Amino acid sequence: MTAESWDGMIVRELGRTGLRVTPVGIGLAALGRPAYITLGREEDLGGDRSVDAMRARSWAVLDAALAAGVRYFDVARSYGRAEEFLGGWLRERAIAPGTVTVGSKWGYAYVGDWRMDADRHEVKELSAGRLRRQLDETRKLLGEHLSLYQIHSATVESGVLDDQDVLAELRELRASGVSVGLSTTGPRQADTIDRAVEVGLFDAVQATWNLLEPSAGPALDRAHRAGLGVIVKEGVANGRLTAHAAPGALARAARERGLTPDALALAAVLARPWTGVVLSGAASVEQFHSNLAAVHVAWGPELDERLAVLAEDPETYWTTRGSLAWQ
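Within each chain, residue numbers correspond to sequence positions counted from 1 in written order. In view of the model being predicted, local features appear only for residues whose pLDDT reaches at least 70, and side-chain atom pairs are presented and counted only at 80 or more, with totals across whole chains, interfaces and linings using the full set of residues. Computation of side-chain values covers all heavy atoms of the structure but excludes hydrogens and water.

Details of the packing of helix α2 (residues 51-68) against helix α3 (residues 82-92)
At a minimum axis distance of 10 Å, the contact between α2 and α3 shows a crossing angle of 55°. With respect to α3, the axis of α2 lies oblique. Once α2 is placed against α3, the crossing between them reads as right-handed. Two secondary-structure elements touch here, α2 through V51, M54, R55, S58, W59, L62, D63 and L66 and α3 through E84, F85, L86, G88, W89 and E92. The classification used treats Ala, Val, Leu, Ile, Met, Phe, Trp, Tyr, Cys and Pro as nonpolar, Asp, Glu, Lys and Arg as charged, and all other residues, Gly among them, as polar. Of the residues in the contact of α2 with α3, the class split is eight nonpolar, two polar and four charged. Each axis is a line fitted through C-alpha atoms, taken for helices only over the stretch in contact, and angles between the N-to-C directions span 0 to 180 degrees. Helical segments are the DSSP runs of H or I of at least four residues, strand segments are the runs of E of at least two, and each set is numbered from the N terminus. Note on terminology: angles under 35 degrees are roughly parallel, angles over 145 are roughly antiparallel, angles of 65 to 115 are roughly perpendicular, and the others are oblique. The handedness criterion is simple: a crossing whose near helix is rotated anticlockwise from the far helix by less than a right angle is left-handed, and one whose near helix is rotated clockwise is right-handed. For this analysis, residues touch if any pair of their heavy atoms sits within 4.5 Å.

Quick look at the structure:
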């Protein structure tokens, strides 16, 4: 369903959720806390990582996104103060529930205490007790704006997709009118996605897919065909597909088209027929507009063939990701 559109930003429904989204959404993982595993943060953010500075930066990106037509915003309990920042912005801008679609996640707790040098920044626990506690915390910050609640980084190995207490809580939440989903992680994303489809409860899946790590693609296509909405995260691979570190093949192809590497990398995501939303994790208004150029890129088989050389073995990709420093 196309209800309205801006310059290349068509509003459509996210799978069977019925939620209104746009091809590009905003994720606040990099803006809700002072440290994150994105390359080039010192250059992107500078030295002022105070709460006030990060709130102001978040609101500036959110304002730019709303003006450009973005209608999906993504946060999580573990993204520092991201839910607080987003909730405050929604209230300050008097944005009525339903005007935009808001997704959040439960499962990780932020423990970094707003420190750059924290030993640990987040702790994972995929239990029914944590779901209940964090849902209450999320609702206090986002209220009626919460449209989609997702398990954060579900894996088959965690057992969360077979935890009957968790599934019962999610069914109750879904019955209340909030769509439920999951995000995936690791080299076995495909197994997790397929298991989620088998469970039959989930309305949406959020997964990593990019030119370096495309292995989840076939499973995401199956999920899409089963009616799940697909949200793609880490489309620029935590900065590895941006000007900070773009591989030569991507940098050359982008330069030939007058684009930045991040725009071309995100265009690759938007070219997948199963993509509902790709998240921009922009840390500045300038980065957001650079990301947004992806909606205007004409993608074709020649680019698929040319950039296929970038794909890494999934184990290698996730080992590299796991070694990235919080900065």
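Re the nonpolar core
Counting 96 residues, the largest nonpolar core has L86, I151, F202 and L307 as its most contacted members. Sort the elements by how many residues they give to this core and α2 lands first, with eight residues. Excluding residues that lie within four positions of it along the chain, F202 makes contacts with R16, I151, L161, L167, L170, V180, G181, L182, A196 and L228. Formed by nine residues, the second largest nonpolar core is a distinct cluster that contains V21, I231, V277 and L279. Each nonpolar core is a collection of buried residues, namely Ala, Val, Leu, Ile, Met, Phe, Trp, Tyr and Cys, held together in the definition by side-chain atoms within 4.5 Å. Under the scheme applied here, a residue whose accessible area is under 20% of the maximum for its type counts as buried, over 50% as exposed, and between as partly exposed, the area being computed with a 1.4 Å probe on protein chains only.

Overview of the sheet that holds strand β11 (residues 229-233)
At least two bridges found by DSSP between two strands are what make those strands a pair. Spatially, β3-β4-β5-β8-β9-β10-β11-β12 is the arrangement adopted by the eight strands of the closed barrel, whose pairing is parallel. The mean angle between the axes of side-by-side strands here comes to 30°, regardless of whether they run parallel or antiparallel. Summarising the sheet, strand β3 (residues 24-27) and strand β4 (residues 72-74) pair through two bridges and their orientation is parallel. Of the residues in β4, the one forming a bridge with I26 is F73.

Observations regarding helix α9 (residues 261-270)
Summarising burial for α9: nine of the 10 residues are buried, a large majority. Among the residues of α9, those classed as buried are P261, D262, A263, L264, A265, L266, A267, A268 and V269. Elements that come into contact with the buried residues of α9 comprise β11, α8 (248-256), β12 (277-280), α10 (285-292) and α11 (301-307).

Notes on the pairing of β12
Burial along β12 is two-sided: V277 and L279 and V278 and S280, pointing in opposite directions, are all buried. In this sheet, β12 lies alongside β3 in parallel orientation, the contact comprising three bridges. For V24, the partnering residue across the bridge sits in β12 and is V278. Bridge analysis of β11 against β12 gives two bridges, and the strand direction is parallel. Its bridge partner lying in β12, V232 is registered against V278.

A word on the pattern of salt bridges
Any carboxyl oxygen of Asp or Glu within 4 Å of a side-chain nitrogen of Lys or Arg constitutes a salt bridge here. Within this structure, the stated rule accounts for 29 salt bridges. Residue E42 is joined to R49 by a salt bridge in which the shortest nitrogen-to-oxygen separation is 3.6 Å. One network of salt bridges, with partners in common, ties together D52, R55, R81 and E84.

Some thoughts on the packing of helix α6 (residues 189-199) against helix α7 (residues 217-225)
Relative placement of two packed helices is described by the angle separating their axes and the distance separating the axes. Taken N-terminus to C-terminus, the directions of α6 and α7 make an angle of 15°; their axes are 8 Å apart at the nearest point. Taken as axis vectors, α6 and α7 run roughly parallel relative to one another. Read as a crossing pair, α6 and α7 show a hand that is left-handed. Counted together, A190, I193, D194 and V197 of α6 and A219, L220, R222 and A223 of α7 form the full contact between these two elements. Of the residues in the contact of α6 with α7, the class split is six nonpolar, no polar and two charged.

Overview of the side chain of K233
Among the secondary structure elements, K233 is positioned in strand β11. Neither His nor the chain ends contribute to the count of charged residues, in which Lys and Arg are positive and Asp and Glu negative. Buried charge K233 goes without a salt bridge, the closest partner of opposite sign being E234 at 4.2 Å. What qualifies as a polar contact is a pair of N or O atoms within 3.5 Å, subject to a donor-acceptor requirement within protein and to the restriction that residues adjacent in sequence count only when both atoms come from side chains. At 3.0 Å, the side chain of K233 forms a polar contact with the backbone oxygen of T184. At 2.8 Å, the side chain of K233 and the side chain of T208 are in polar contact. In this view, K233 contacts S183, T184, Q206, A207, T208, W209 and L279; residues no more than four positions away in its chain are not counted.

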